[in-house]
Protein chains: 2
Amino acid sequence: VNENKVLQRIEKAFATGRKGKLGLGIGDDAALFTPVVGHELLLSCDWFLEGTHFLKARHPADAVGWKCLARAVSDLAAMGGIPRCFLLSLALPESATGRWLHGFLGGLRRASKQLDCELAGGDTTRRDEILINVTVVGEVRKGQAIRRAGTRPGDVLYVTGNLGEAELGLQQLKRGTGMAGAGNSALRKHLYPEPRLAVGQWLAEKRLTSAMIDLSDGLSTDLARLCAASRVGARIHVEDLPVSSLAAGMDRVRLALHGGDDYELLLAVRKKKAVKIPARLRGVKLTRIGEITAGKKILVNEAGEWRDLVRGGWDPFRKTTR
Amino acid sequence: VNENKVLQRIEKAFATGRKGKLGLGIGDDAALFTPVVGHELLLSCDWFLEGTHFLKARHPADAVGWKCLARAVSDLAAMGGIPRCFLLSLALPESATGRWLHGFLGGLRRASKQLDCELAGGDTTRRDEILINVTVVGEVRKGQAIRRAGTRPGDVLYVTGNLGEAELGLQQLKRGTGMAGAGNSALRKHLYPEPRLAVGQWLAEKRLTSAMIDLSDGLSTDLARLCAASRVGARIHVEDLPVSSLAAGMDRVRLALHGGDDYELLLAVRKKKAVKIPARLRGVKLTRIGEITAGKKILVNEAGEWRDLVRGGWDPFRKTTR
C-alpha cells in the first residue's frame with residue numbers, strides 16, 4: 001500500500017460518471033470551486049477521531065463514514081446554509097486500508113449523495129489510529145445566514161426533533177457486545193444522524209430566527225454557548241422537552257438536557273414571530289422549550305423551583321471518550 | 001482547562017482590533033466568507049501530526065505554528081492563488097494547553113500576518129498527541145488557476161529556489177541535541193518554509209505555465225505526480241539542479257532529487273514561452289532543470305547515461321517519521 005493507492009480508492013469510490021459542480025476535484029493541489037453569485041460562503045471543520053469520537057470495534061466503518069460528514073454538515077444547517085462540497089483528511093493504519101476503508105467510503109458516499117455535498121479534495125497519511133477531519137463548504141444567500149448571536153430577552157426557544165435520542169443509542173451500543181447494527185431509532189440516530197438542513201434553510205429564507213446553534217454537545221452546553229454569544233440568559237421548561245418514547249423508564253430529563261450528538265437545531269425567535277413557527281416543518285417536529293431572559297443565568301424548573309442549569313454535555317477536556 | 005478556555009486563548013491570540021475581511025470569525029457554527037467577484041475559490045487541507053510531521057521535543061512550538069499554515073498555503077501558491085483565510089483543527093493533550101499552545105499560536109499568528117491569511121474558525125479537542133489539520137481558502141481570478149495537468153512533450157521544466165535545503169535542515173536537526181534553533185538557512189527552511197506565493201501569482205497572471213505543483217514530498221515524487229496528471233514523461237538534467245552551497249560534501253544529487261519539505265514550485269512552460277521566464281522573480285531564483293517528454297518514463301542523466309528516476313521522496317505509507 002502506498003499513498004497513491006489510498007487516493008485511488010477514494011477517487012474510485014466517488015467517481016460519479018457525471019461531471020460534478022466543481023471546477024476540479026481530487027488530484028490537484030487545491031480544489032477549485034465557483035461560488036454562486038449573490039451568496040456568501042460558509043466554512044466549518046470537525047474532528048472525528050478513533051477512541052475519542054468513535055470506537056473501531058463498536059462503530060461500523062459505514063457509520064463512521066456517514067457520521068463524519070453529517071455532523072460537519074450540521075454546522076451548515078445551523079446557519080441556514082446549503083452544502084456544496086467537502087474536504088476529507090484521513091489518517092489510517094495500514095490495517096485499515098482494506099475492508100475498513102471500503103466500508104467507510106461506502107457510508108461517506110451515501111452521506112455525500114443524500115446531503116448533496118461533493119468530495120472536493122483532501123489529504124491522506126498513515127497513522128496508528130484512525131484520524132478524520134472534515135471541512136465542509138456551504139453557501140447561503142447574502143444576508144440570510146443565521147448567527148449564533150442575535151437573540152434578546154423575551155425571545156422564544158425552540159428545538160427540532162427529540163433530545164437525548166443519540167445518547168440513548170450510545171448507551172445501548174455501550175451495553176451491547178460486538179459491532180452495532182442499526183437496531184432501533186435511537187441507535188440509528190447515534191450512528192446515522194441527519195442534519196436539519198431543510199428546516200435551517202426554511203428558517204433562513206423566512207428570516208424567522210434571531211439566533212441558532214446545532215446541538216452537538218448536549219442542550220445544557222450548547223444553550224450556554226448560544227446565550228453567551230448574546231450575553232443573555234434563558235429559562236427551560238423541563239416538562240416541555242421533547243424526549244423519545246424509547247427513553248421510558250430512564251432519566252428523561254437528564255438525557256434531554258445533557259445528551260450529546262443529536263444534531264438537532266436550537267433556535268430563538270422573537271416573541272411576535274413565534275406564531276409563524278409551525279409544529280412540524282419538512283417532516284420535523286418543532287417544540288417550544290423556554291425563553292431567553294435578561295441577565296446571564298440559565299435556569300431550569302424542577303419540582304416547582306428554578307435551579308441553575310449546569311453544563312453537563314460533552315467537553316473533550318473533561319471526558320475522554322464519548 | 002476546558003474547551004472554551006482553549007478557544008478563548010486562540011481567539012485572544014488572533015484578536016487584531018481592526019475588523020477583518022471576514023463577515024464572521026471564530027465563535028459561530030461556521031465561518032462566513034464573501035468571495036471576490038470574478039474569482040474562483042481554492043480549497044486545500046493538510047495534516048500536521050506530532051510524531052509524523054514534527055517531533056515535540058525537537059521542533060519549537062513556534063515553528064510548528066508557522067509551518068502548519070505555510071505548507072497548506074503552498075498548495076494555493078501552486079495554483080497561482082491568493083490566500084484569504086484558514087480553519088484550524090487542533091487536538092491537544094492538557095499538558096500542551098499552556099506554554100506549548102502559547103508558542104504555537106505565536107508562530108501561527110506571524111504566518112497568518114505574513115501570508116495575509118486570516119483565522120476564520122476551527123475545531124478543538126483533547127488528545128494524547130498533538131494533531132493539527134489546516135484548511136486554507138484562497139482565490140484566483142476566474143480562468144487563471146494553474147492546474148497540475150496540462151503539460152505536453154517539449155515543455156520546459158523549472159523550479160524555484162534551491163532543492164533539498166529543507167532535508168538538509170532536517171538532517172542537522174536530527175543530528176543535533178535538544179530543541180532546534182533557526183541556526184542556518186537550511187534549518188530555517190525546514191522550520192519556517194516560505195510558500196512561493198508571489199511567483200505563483202505572477203505566473204498565473206501572465207498565463208506562462210502549462211502545469212504546476214509544489215514540492216512538498218521531494219522532486220522525484222512530485223514530478224511523477226505532475227507527469228501522471230498529463231500522462232507524459234520527463235528528463236531531468238542533474239547538473240542543472242539548484243542545490244544550496246550548504247550541501248557541500250554531501251550527496252547533492254540525492255538531496256535535490258528526493259529531499260522533501262522544500263515548498264518550492266515545479267512548473268512546466270511551453271518551449272516558445274520559455275524566453276519569458278526570468279532568472280529571478282520577486283527575489284526568487286528560477287532554474288531550468290529539464291523537459292517534458294512523450295511516453296511515461298521519468299529519466300535522469302547520470303555519468304552520461306539516462307536512468308529511471310525512482311520515487312524516493314516522502315510517502316507516509318512507506319516511512320513513519322519525516
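Cut-off values and rules
Residues numbered from 1 in each chain as written. Chains lettered and ligands numbered in written order. Predicted model: local features only at pLDDT ≥ 70, side-chain atom pairs only at ≥ 80, totals over all residues. Heavy atoms only, no water. Pairing = 2+ DSSP bridges. Helix = DSSP H or I, 4+ residues; strand = E, 2+ residues; numbered from the N terminus. Axes fitted to C-alpha atoms, helices over the stretch in contact; angles between N-to-C directions. Contact = heavy atoms within 4.5 Å. Least-squares fit on C-alpha atoms with pLDDT ≥ 70 in both. pLDDT = per-residue confidence, 0-100. Phe/Tyr/Trp six-rings, centres within 6.5 Å; stacked < 30°, edge-to-face > 60°. Buried < 20%, exposed > 50% of the residue type's maximum accessible area, 1.4 Å probe, protein only. Lys NZ or Arg CZ within 6 Å of the ring centre and 35° of its normal.

**Quick notes on the sheet that holds strand S2 (residues 39–49) of chain B**
- Pairing is mixed across the open sheet formed by five strands, whose spatial order is S1(A)-S2(B)-S5(B)-S3(B)-S4(B). Both outer strands of the open sheet, strand S1 (31–33) of chain A together with strand S4 (118–126) of chain B, are each paired with one neighbouring strand and no more. Sheet twist, expressed as the mean angle between neighbouring strand axes with direction ignored, is 20°.
- Of the strands in this sheet, strand S3 (82–92) and S4 of chain B touch helix H1 (residues 3–13) of chain B, which is tilted by about 155° from S4(B).

**Side note on the relation of the copies chain B and chain A**
- Least-squares fitting of chain B to chain A yields an RMSD of 0.0 Å, with the superposition described by an axial translation of 0.0 Å and a rotation of 180°. Here the symmetry operator amounts to a two-fold rotation axis.
- Most of the interface of chain B is mirrored in chain A, where 100% of its interface residues are also at the interface.

**A short note on the confidence of the model for chain A**
- Per-residue confidence for chain A gives a mean pLDDT of 91; residues scoring 70 or more make up 92%.
- Confidence estimates for the predicted assembly give a pTM of 0.94 and an ipTM of 0.93.

**So, the packing of aromatic side chains**
- Taken as a whole, this structure holds nine aromatic pairs over all chains when the rule is applied.
- Taking the centre distance of 5.0 Å and the plane angle of 15° together, the rings of Trp100(B) and Phe104(B) count as stacked. Separated by four residues within a single helix, Trp100(B) and Phe104(B) lie in helix H3 (residues 99–114), roughly one turn from each other. Neither residue differs from the other here; Trp100(B) and Phe104(B) are each classed as buried.
- Here the guanidinium or amino end of Arg235(A) rests over the ring plane of Trp306(A), the centre of that ring lying 5.6 Å away.

**Quick word on the environment of Ala256(B)**
Residues and elements named next belong to chain B.
- Mapped onto the elements, Ala256 comes out in helix H8 (residues 252–258).
- For Ala256, a relative accessible area of 1% corresponds to the buried category.
- Here the alpha-carbon distance between Ala256 and Gly81, two residues 175 residues apart in the chain, equals 26 Å.
- Excluding residues within four positions of it along the chain, Ala256 makes contact with Leu163, Gly164, Leu219, Leu241 and Val243.

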